[in-house]
Amino acid sequence: MGLSSRSAVAIHALTMLARWDHSLTSAEIADSLASNPVLVRRILGSLRDAGLVWATEGRGGGWSLAKAPREITLHDAYTAVEDGPILSRHAHPPSDACEVGRHMQNLLETEFRDAERAMEKRLGRTTIAHLVQQVLAAERAHAVPK
């Protein structure tokens, strides 16, 4: 399937939930994303299924983190909302009658798998707590008069 914007939405939502010390509604998160609350609820549902967030219903309800921000990596968010490999493979087997076609699928599989492992490793090093720290630092720098 490949990488979609679901990962970016999930990471944004998790970072918002970590930044504020109270639950947030899907509408509040959607406002920050300039997106639709229905899309945000779908993403939050996947994050809930992965054990990263939980929801309370009714007045004053909303979404909250189910784990400490330092315990949630970007890789956790990615795997909660994405299906299948990151890099697209051949939709159908190439021609076995061609010397390139005969070998390309196996060669690309090795390269793509190595690239995907490197991305997973990199995403596993960054936590939501780290992103909150970066947001706060960027906001402080933004607030300084120039």
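Rules behind the numbers
Residues numbered from 1 in each chain as written. Predicted model: local features only at pLDDT ≥ 70, side-chain atom pairs only at ≥ 80, totals over all residues. Heavy atoms only, no water. Helix = DSSP H or I, 4+ residues; strand = E, 2+ residues; numbered from the N terminus. Rg over C-alpha atoms; globule rule 2.2 N^0.38 Å. Buried < 20%, exposed > 50% of the residue type's maximum accessible area, 1.4 Å probe, protein only. Contact = heavy atoms within 4.5 Å. Areas by Shrake-Rupley, 256 points an atom, 1.4 Å probe, with all protein chains shown as cover. Lys, Arg positive; Asp, Glu negative; His and termini not counted. Charge placed at Lys NZ, Arg CZ, Asp CG, Glu CD. Phe/Tyr/Trp six-rings, centres within 6.5 Å; stacked < 30°, edge-to-face > 60°. Lys NZ or Arg CZ within 6 Å of the ring centre and 35° of its normal. Salt bridge = Lys/Arg side-chain N within 4 Å of Asp/Glu carboxyl O. Core = buried A, V, L, I, M, F, W, Y, C linked by side-chain atoms within 4.5 Å. Pairing = 2+ DSSP bridges.

(A) Here's a closer look at the overall build of the chain. A tally of regular secondary structure across the chain gives 6 helices and 2 strands. The secondary structure elements of the chain, listed N-terminal to C-terminal, are α-α-α-β-β-α-α-α. Here the C-alpha atoms of the chain give a radius of gyration of 19 Å, more than 25% beyond the 15 Å that 2.2 N^0.38 yields for 146 residues. When the backbone C-alpha atoms are referred to their principal axes, the chain occupies close to 65 × 40 × 25 Å. A buried classification covers 32% of the 146 residues belonging to the chain. Sequence-distant contacts in the chain: of pairs separated by 6 or more residues, those separated by 24 or more amount to 63%. For the chain, the accessible area works out to roughly 9300 Å², and carbon and sulfur atoms hold 54% of it. The averaged location of the 17 negative side-chain charges in the chain is 5 Å from the averaged location of its 17 positive side-chain charges.

(B) Here's a closer look at the packing of aromatic side chains. Under the counting rule described, the total for this entry stands at 0 aromatic pairs. Over the aromatic face of tryptophan 20 sits the side chain of arginine 19, whose NZ or CZ is 4.2 Å from the ring centroid.

(C) Representation of the pattern of salt bridges in the model. Per the stated rule, a full pass over the model turns up 4 salt bridges. Here glutamate 82 makes a salt bridge to arginine 6, at a shortest N to O gap of 3.0 Å. Of this pair, glutamate 82 sits in the loop between α4 (74–81) and α5 (99–125) while arginine 6 sits in helix α1 (residues 6–19), and the two are 76 residues apart along the sequence. On the basis of relative accessible area, glutamate 82 is assigned to the buried category, the value being 6%. The salt bridge involving arginine 117 is made with aspartate 114; its shortest N-O contact spans 3.4 Å. Placement of the pair is arginine 117 and aspartate 114 together in helix α5, with a separation of 3 residues, close to one helical turn. When its relative accessible area of 46% is taken as the criterion, arginine 117 is described as partly exposed.

(D) Focus on the nonpolar core. Counting 31 residues, the largest nonpolar core has Leu14, Leu17, Ile29, Leu44, Leu47 and Ile128 as its most contacted members. Those elements that provide at least two residues to this core are α1, α2 (26–33), α3 (37–49), β2 (62–65), α4 and α6 (128–143). Broken down by element, this core gets its largest block of residues, 8 residues, from α1.

(E) Structural context of the pairing of strand β1 (residues 53–56). Where β1 and β2 come together, 4 bridges link them in antiparallel fashion. Each bridged residue has a counterpart across the sheet, and for valine 53 the counterpart in β2 is leucine 65. Counting the residues that bridge the hairpin from β1 to β2 gives 5 residues, and of these glycine 58 lies at a positive phi of roughly 90°.

(F) Here's a closer look at the environment of arginine 59. Assignment of secondary structure puts arginine 59 in the loop between β1 and β2. Relative accessible area serves as the criterion here: at 89%, arginine 59 is assigned to the exposed category. For arginine 59 and valine 144, which are 85 residues apart along the polypeptide, the C-alpha to C-alpha distance reads 38 Å.

(G) Here's a closer look at the side chain of threonine 73. Along the chain, the position of threonine 73 falls in the loop between β2 and α4. A relative accessible area of 14% means that threonine 73 is categorised as buried. Dropping the residues within four chain positions of it, threonine 73 is found in contact with Leu123, Gly124, Thr126 and Thr127.

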